[in-house]
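Chain by chain, the residues:
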Amino acid sequence: AMLDPDSGLSLTIARIVQRLKGSSLHSQLERQARVSLHKPEIKLESLKEDVKDFLKTSGWEKKLQNAVYSELNVFPSPCHPAAPPEHMKEPLAYMRKAQGSWEKRILKSLNSMCTELSIPLAQKRPVSEQKELLNKWNEMGTDEPDLSLFRPVYAPKDFLEVLMNLRNPNYENGEQPSFRNHLGLIQVPLKVKDIPELKEDFSELGLNIGQLGIDDSAQVPPEFFENEHVRVGQKVLAEQDSAAAQQYVRQGCPTALRADLWALILNISNQPEDILYYDQLKSNVIQHDLLVDSLIYKDVKLTASNDDYYFVFEDYLYQVLLCFSRDTSVLEHFTYSSATPPKSYIRGKLGMEEYAVFYPPNVNYNSFILSVAPLCFLYHEPSKLYQIFREMYVRFFFRLHSISSHPSGIVSLCLLFETLLQTHLPQLFYHLREIGAQPLRISFKWMVRAFSGYLATDQLLLLWDRILGYNSLEILAVLAAAVFAFRAVNLMEVTSLAAAEAVLADLSTLKVMPLLQIFLFATVT
Amino acid sequence: FRIMAGKVKWVTDIEKSVLINNFEKRGWIQVAENEDWNFYWMSVQTIRNVFSVETGYRLSDDQIVNHFPNHYELTRKDLMVKNIKRYRKELEKEGSPLAEKDENGKYIYLDFVPVTFMLPADYNLFVEEFRKNPSSTWIMKPCGKAQGKGIFLINKLSQIKKWSRDSKTSSFVSQSSKEAYVISLYINNPLLIGGKKFDLRLYVLVSTYRPLRCYMYKLGFCRFCTVKYTPSTSELDNMFVHLTNVAIQKHGDDYNHIHGGKWTVSNLRLYLESTRGKEVTNKLFDEIHWIIVQSLKAVAPVMNNDKHCFECYGYDIIIDDKLKPWLIEVNASPSLTSSTANDRILKYNLINDTLNIAVPNGEIPDCKWNKSPPKEVLGNYEVLYDEEMAQSDVPDRDLRSRSGQSIGIKGNRARDSGKPILTTWK
């Protein structure tokens, strides 16, 4: 049943009010309002109006606006008031079921690892160990624990296998392949956008609009676009307007402004209570030892430590990720995620909520690691880095690790990628399929990591500018298709999956914005 | 009228693939040292012999070598400092605005080398300075060694008793250059990234000193220490914390053979712009270019500007936490060993671009040429300073690259106009 727009709006308003009530912003606003009563311009006759005006001129109204905007961005619009809460997580039953099975599998694997290694999922650390960890908090990278027995819980290709096997039980495909059939690996009938729709959605990437990543190259005089764009960016920051910032970054962030712009969009201000929260998480890490800690450690060693750009930040990665596993506020987002995180309790404290720890859906941490690492280029203060990462996770990255029907979910991205390729480069698609090199097998790892670890950092940041700007991960699928289009000539000549992988092995020289622009706006369709 | 007689004949003492591959790809012919050669990539030992009074010989017009005869004026730690001090005093004497000092007596524009003394010669002067700040740390470096050999840190006078001329316990330390040390104020507040200390290695090609013409290689890199930096005195002995030389870091437990603990300069730029802002980052890079040019100007008057010579230097620079760059030393023979795959590519391209500039068209050279290569052959080099260009009244050749670096500086106009040079620097 279609939701009546009015009741939809009032539901949304009610929900936002609910969420902001009791928040620190709420108490600050109250405090500000009370303080304003002493001001001469506040008159008893027009109390309400005057206080409102005061909040406006002092910038507090803007902060409230930003908070509301943030809520709207993060939480999906509610479905029908009669719909059960599962529907907010994921409306399609078969998707929920698949996610549930996947989670069970992960948990089983984790538990068997625990039994095998005789390590509990979670336990309290002995005091001496706590002291030691506190001392080397800033240099955990130099530790050399024996991690040989820990194996990754799953590899990206395992996840891909699960996605490939998704089927909608209500949808009968028929045995005969026809030209209508999707020739790719994903076989669920989700709706994905076509190029005309994408062109509209991503209109700011059009050919006649200035872009950072294209129009700031050495050959272009800065007066043409760059200088003005920087000026506008500074103005947006001065106004502290989240919505304006989100619109602005669609054309890319100037390097010097990016950290602040992202923080503004994500509504992160690093208040004292945020720093305190981070410190609390840190002390949780010191006090309790989780099995996943070793998995995190191993994954960081395997991925970031070997990366040309990220190795420098290895120690920050441990700090952020160890805290993250203990951050139960992240659990809030699971109301709109298809995932239900396995929960465990510190040994001996079963059922006591303050000793609960949860395992995020992607227990394989290398996707996490690669999504934290680029942020180290922007934020060097640990608590701010942590908050930015957490917000990026609950807005975007969690969708890459769970099975859902959401347009930014990994299933939709895979389908979008395959559809774009099959529709616009049919020859290439068919050729690759014939030689056993289904394109998704190669591009999956790019998308699941939001291209981190594959692109040069400056290019990656330009790409993530657009993720934030459009509040969607669809651009990842578009870029993946654009990369194939770019290397189509070479790909047409390969005769094996290995050779295809080789052609696409090195993306470090790619310039993402020209690729996207050409694919969306300059390719004859 | 040049005699074009076939391929360039080359010799090298340095058996490195990045060199040899470059010679071979140009179709040059390898010959022995005692044969007729056109191009000789020498070790510093050989250059000393070629230009020595006893064993030396005249080079002919079609012979080119990769070192200046007395490069050590720049590349020996003690002589570099000596020349810079002399240069500063000269400028001061002639009233140049470049030599301006602040209220504490420190040079405003020319204070880019940490306070340094020669030992044992300046021992007493050193002690005086040391006592002004007894809690400071100093770094002892042997004048004639490289790759971090023989370097150690001290924070107590007793640790260098050996060099005291009055010391009864030491035999008089010979003045030979092998035993001489320099002692410099240790920069104990280096800029840290990810908590780690790093230094910058930049390549600078000089084709002539008078007039000064030098090029900076765009693809320099940062060398990170594998262990977290700590100024704590208990770690003074831990060379892995303090010395960034790859030769040292390579033996650390955490040394990684994939990235080799190195970052590109463009990564550094991205990081600094993102975390500190564009203006201070531009200022930092401008200052780095400035100190390189000043160091070359300092030695230019004493350099034997032999027309058969060019030289590719490895500059080591440390940035402190106030974003001030410090010149640590200049290497005449920067390592051509590759520690990673990326490294190999970088050094191969470095030599390639160097040869394109030094040996035009890859043909048999004529050392009398004007040493002004066309812009197209520069490759990854950019003009850092061209004295001839700067002194002529040619309109500003400011090659402002997108990254905001401005290279190709106007130069010494300030001397005549009396204005401080930094205002014309950009």
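The notes below deal with the structure included here.

What counts and how
Residues numbered from 1 in each chain as written. Chains lettered and ligands numbered in written order. Predicted model: local features only at pLDDT ≥ 70, side-chain atom pairs only at ≥ 80, totals over all residues. Heavy atoms only, no water. Helix = DSSP H or I, 4+ residues; strand = E, 2+ residues; numbered from the N terminus. Contact = heavy atoms within 4.5 Å. Buried area = accessible area lost by both parts, 1.4 Å probe. Salt bridge = Lys/Arg side-chain N within 4 Å of Asp/Glu carboxyl O. Polar contact = N/O pair within 3.5 Å; in protein donor to acceptor, adjacent residues only side chain to side chain. Nonpolar A, V, L, I, M, F, W, Y, C, P; charged D, E, K, R; others polar. Buried < 20%, exposed > 50% of the residue type's maximum accessible area, 1.4 Å probe, protein only. Pairing = 2+ DSSP bridges. 1 Å grid on protein atoms, 1.4 Å probe; cavity = no way out; pocket = protein on both sides within 12 Å on 5 of 7 lines; lining within 4 Å. Points joined across faces, edges and corners; volume = space filled by probe spheres on them. Phe/Tyr/Trp six-rings, centres within 6.5 Å; stacked < 30°, edge-to-face > 60°. Lys NZ or Arg CZ within 6 Å of the ring centre and 35° of its normal.

### Comments concerning the environment of Ala390 of chain B
Looking at where Ala390 of chain B falls in the secondary structure, it is placed in helix α11 (residues 387-391). Each C-alpha atom of the pair Ala390 of chain B and Trp138 of chain B lies 39 Å from the other, and the pair is 252 residues apart in sequence.

### Notes on the interface of chain B and chain A
Listed per partner, the contact involves 23 residues of chain B and 32 residues of chain A. With both sides pooled, the region where chain B packs onto chain A buries about 2300 Å², and carbon together with sulfur makes up 54% of that total. Remark: the boundary between chain B and chain A carries two salt bridges. Summed over the shared surface of chain B and chain A, the number is three residue pairs in polar contact (both at pLDDT 80 or more). Secondary-structure elements contributing two or more residues to the side of chain B that touches chain A are β13 (262-264) and α8 (265-276) of chain B. Ranked by the residues each element gives to the side of chain B that touches chain A, the list is headed by α8 of chain B, at six residues. Broken down by class, the residue content of the side of chain B that touches chain A amounts to six nonpolar, ten polar and seven charged.

### As for the pairing of strand β12 (residues 221-224) of chain B
All names here are of chain B. Here β12 shows a buried face lined by Phe221 and Arg223 and a second buried face lined by Cys222 and Phe224. In the sheet, strand β10 (residues 196-209) pairs with β12 via four bridges, with the strands oriented antiparallel. In the strand pairing of β12, Arg201 is matched with Phe221. One ladder, built from three bridges, connects β12 with β13; its direction is antiparallel. Note that in β13 the partner of Arg223 across the bridge is Lys262.

### A few points about the pattern of salt bridges
According to the stated counting rule, one finds 34 salt bridges over all chains in the structure shown. One salt bridge in this structure joins Arg125 of chain A and Asp289 of chain A, with 3.8 Å as the shortest N-O distance. Placement of Arg125 of chain A in the loop between β1 (122-124) and α7 (127-135) and of Asp289 of chain A in strand β2 (residues 288-290) is noted, with a sequence separation of 164 residues between them. Where Lys283 of chain B meets Glu287 of chain B, a salt bridge forms, and the shortest distance between an N and an O atom there is 3.3 Å.

### Topic: empty space enclosed by the protein
Residues and elements named next belong to chain B. The final tally for this structure, using the stated rule, is five cavities of 30 Å³ or more. Space inside the second largest cavity adds up to approximately 80 Å³. Taken together, Ile64, Leu205, Ser207, Lys307, His308, Cys309, Phe310, Ile357, Ala358, Trp369 and Lys371 make up the lining of the second largest cavity. Counting only elements with at least two residues in the lining of the second largest cavity, the list comes to β10 and α10 (341-358). Taken together, the residues that form the lining of the second largest cavity break down as seven nonpolar, two polar and two charged.

### A short note on the packing of aromatic side chains
To describe a pair of aromatic rings, you give the distance between the ring centres and the angle between the ring planes. Using the criterion set out here, one finds 42 aromatic pairs over all chains in the structure. Judged by centre distance (5.2 Å) and plane angle (20°), the ring pair of Phe377 of chain A and Trp263 of chain B falls under stacked. A residue pair is termed interchain when its members come from two chains, as with Phe377 of chain A in the loop between α16 (366-372) and α17 (382-395) and Trp263 of chain B in strand β13. Grouping residues by exposure puts Phe377 of chain A and Trp263 of chain B together as buried. Ring plane angle 35° and centroid distance 5.7 Å describe the contact between Trp446 of chain A and Phe451 of chain A, whose orientation is recorded as tilted. This pair shows no difference in class: Trp446 of chain A is buried, exactly as Phe451 of chain A is. Grouped by ring-pair contacts, the aromatic residues Phe311, Phe313, Tyr316 and Phe377 of chain A together with Phe198, Phe224, Trp263 and Tyr271 of chain B constitute a single cluster. Against the face of Trp28 of chain B rests Arg26 of chain B, its NZ or CZ located 5.8 Å from the ring centre. In this arrangement the basic side chain of Lys101 of chain B is found over the ring face of Tyr107 of chain B, its NZ or CZ atom lying 4.9 Å from the centre.

### Considerations on the side chain of Arg395 of chain A
All names here are of chain A. Mapped onto the secondary structure, Arg395 falls in helix α17. With relative accessibility at 6%, the residue Arg395 sits in the buried group. In this view, Arg395 contacts Ser70, Asn73, Val74, Ile265 and Leu266; residues no more than four positions away in its chain are not counted.

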